[in-house]
Amino acid sequence: MWIDTHCHLDAPEFGADHALTFTLRERAAAAGVGLCVIPAVERSNFDTVRALAHRTGDAYALGIHPLCVPNAQDDDLAALDAALTAHRDDPRLVAVGEIGLDFFVPALCTTAIRERQAFFYRAQLRLARQHGLPVIVHVRRSADQLLKHLRELPTGSGIAHAFNGSEQQAQAFVDMGFKLGFGGACTFEPARQLRRLAAELPMSALVLETDAPDIPPQWLYVTAAERAAGRAQGVNSPAELPRIGAVVAALRGMAVAELQAATTANALQALPRLAALELAP
């Protein structure tokens, strides 16, 4: 069984009524994807991801994404605390996420917004500690700062989603009990540093993800020029995970089945509540 550790099945690209979501999820199940983790990004979709996870038989995480921080209010953190408390016995709630820091988007790099991101990130690390949950962190040009706050407020385990840092940063996350999420980006041959990490990091460090509908793999990617000419962008979905896994397995020179088993075991370590779902009939 494959586990997609990061998939936004509630995204508007999949339709307001989630009809396409269910079709794609069925396709993924047929391909061997047994579980998806659906992270929230803001207060307004806490209930949506929970309901969706229950309908699809998947898992979910609750948190406030750094891209959503500029529009977030302080009382959104109280709402997150309340939701984590209300659903503490829900076995499908497996993490606090998607949280973190983003220093790639120019609008998020002003001093005021960087400080606001740090405030929300630290507050959510505290909530994860309070509720005994791992975290799923967004890492984009922010690994060192993410690690700094994690050292002060360790959560014990979690996933560095869409990891694209250095080998030293990777090791720092691993040393703190984290797994590193690899997905569609490592299917592009020009991504030499990322592919080297996927090939050379200890097998125990890796989990797989699609981040669907974002970060499409190479075979779905359509350039801006091609889109301008009328070619539609391919739809990334959890059904692409086995093929992404095959690319990673090839990079590592190992059998696909071996990589499947290892990354599933790693996901269960990073997000321990998944084990009850994985074993459920």
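Anything mentioned here points back to the structure above.
This text gives an overview of the structure that appears in the document. Quantities reported herein were computed from a predicted structural model and do not represent experimental measurements. (Residues numbered from 1 in each chain as written. Predicted model: local features only at pLDDT ≥ 70, side-chain atom pairs only at ≥ 80, totals over all residues. Heavy atoms only, no water.)

Re the overall build of the protein
So, step 1. Scanning the protein from terminus to terminus reveals 11 helices and eight strands.
So, step 2. When its C-alpha atoms are laid out on the principal axes, the protein stretches across 45 × 40 × 40 Å.
So, step 3. Counting all 281 residues of the protein, 55% fall into the buried class.
So, step 4. Restricting to contacts in the protein with at least 6 residues of sequence separation, those with at least 24 account for 71%.
So, step 5. Taken as a whole, the protein presents about 11900 Å² of accessible surface, with 52% of it coming from carbon and sulfur.
So, step 6. Here the protein holds 25 positive side-chain charges and 30 negative ones, and the gap between their average locations is 3 Å. (Helix = DSSP H or I, 4+ residues; strand = E, 2+ residues; numbered from the N terminus. Buried < 20%, exposed > 50% of the residue type's maximum accessible area, 1.4 Å probe, protein only. Contact = heavy atoms within 4.5 Å. Areas by Shrake-Rupley, 256 points an atom, 1.4 Å probe, with all protein chains shown as cover. Lys, Arg positive; Asp, Glu negative; His and termini not counted. Charge placed at Lys NZ, Arg CZ, Asp CG, Glu CD.)

Observations regarding the packing of aromatic side chains
So, step 1. Tallied over the entire structure, the rule returns four aromatic pairs.
So, step 2. Relative to Phe120, the ring of Phe119 has its centre 5.6 Å away and its plane inclined at 85°; by these criteria the two rings are edge-to-face.
So, step 3. Between the aromatic rings of Phe188 and Tyr221, the centroid separation amounts to 5.7 Å while the plane-to-plane angle is 80°, which identifies the pairing as edge-to-face. Of this pair, Phe188 sits in the loop between strand S7 (178-182) and helix H7 (192-200) while Tyr221 sits in the loop between strand S8 (206-208) and helix H8 (224-228), and the two are 33 residues apart along the sequence.
So, step 4. The exposure class of Tyr221 is partly exposed, given its relative accessible area of 38%.
So, step 5. By the ring-pair criterion, three or more aromatic residues cluster together here, those being Phe163, Phe173 and Phe178.
So, step 6. Lying over the aromatic face of Phe103, Arg114 brings its terminal NZ or CZ to 3.8 Å of the ring centre.
So, step 7. The ring of Trp219 is capped by Arg243, whose NZ or CZ atom sits 4.0 Å from the centre of that ring. (Phe/Tyr/Trp six-rings, centres within 6.5 Å; stacked < 30°, edge-to-face > 60°. Lys NZ or Arg CZ within 6 Å of the ring centre and 35° of its normal.)

Regarding the sheet that holds strand S1 (residues 2-4)
By way of backbone hydrogen bonds, the strands of a sheet pair with one another, either parallel or antiparallel.
So, step 1. Taken in spatial order, the eight strands line up as S1-S2-S3-S4-S5-S6-S7-S8 in an open sheet, and their pairing is parallel. Taken across any chain shown, the strands that pair with only one partner, and hence form the sheet edges, are S1 and S8. Strand-to-strand twist of the sheet, defined as the mean angle between neighbouring strand axes without regard to direction, takes the value 30°.
So, step 2. Across the sheet, helix H10 (residues 256-270) is in contact with S1, strand S6 (158-161), S7 and S8; its angle to S1 comes to roughly 50°. (Pairing = 2+ DSSP bridges. Axes fitted to C-alpha atoms, helices over the stretch in contact; angles between N-to-C directions.)

A short note on the packing of helix H4 (residues 111-131) against helix H5 (residues 143-152)
So, step 1. Two elements in contact, H4 and H5, have axes whose closest approach is 10 Å; the angle formed by their N-to-C orientations is 40°. Crossing hand, H4 versus H5: right-handed. For the pair H4 and H5, the contacting residues are Ala118, Tyr121, Arg122 and Leu125 in the first and Leu146, His149, Leu150 and Glu152 in the second.
So, step 2. Considering only residue class, the contact of H4 with H5 consists of five nonpolar, one polar and two charged. (Left-handed = near helix turned anticlockwise from the far one by under 90°. Nonpolar A, V, L, I, M, F, W, Y, C, P; charged D, E, K, R; others polar.)

Some details on the nonpolar core
So, step 1. With 71 residues, the main nonpolar core has Leu62, Val137 and Phe173 as its most contacted residues.
So, step 2. It is H4 that contributes the most residues to this core, six residues altogether.
So, step 3. Each residue touching Val137, except ones within four places of it in the same chain, is listed here: Ile99, Tyr121, Ile159, Ala160, His161, Phe173 and Phe178.
So, step 4. Counting 15 residues, the second largest nonpolar core, distinct from the first, contains Leu35, Ile159, Ala270 and Leu274. (Core = buried A, V, L, I, M, F, W, Y, C linked by side-chain atoms within 4.5 Å.)

A word on the pattern of salt bridges
So, step 1. Throughout the structure, instances matching the rule amount to 11 salt bridges.
So, step 2. The partner of Asp76 in a salt bridge is Arg43, and the shortest N-O contact between them spans 3.0 Å. Residue Asp76 is located in helix H3 (residues 75-86), and its partner Arg43 is located in the loop between strand S2 (33-39) and helix H2 (46-56); the two are separated by 33 residues in the primary sequence.
So, step 3. Judged by its relative accessible area of 40%, Arg43 falls in the partly exposed class.
So, step 4. Salt bridges here are not isolated pairs; linked through shared partners, they connect Arg43, Asp75 and Asp76. (Salt bridge = Lys/Arg side-chain N within 4 Å of Asp/Glu carboxyl O.)

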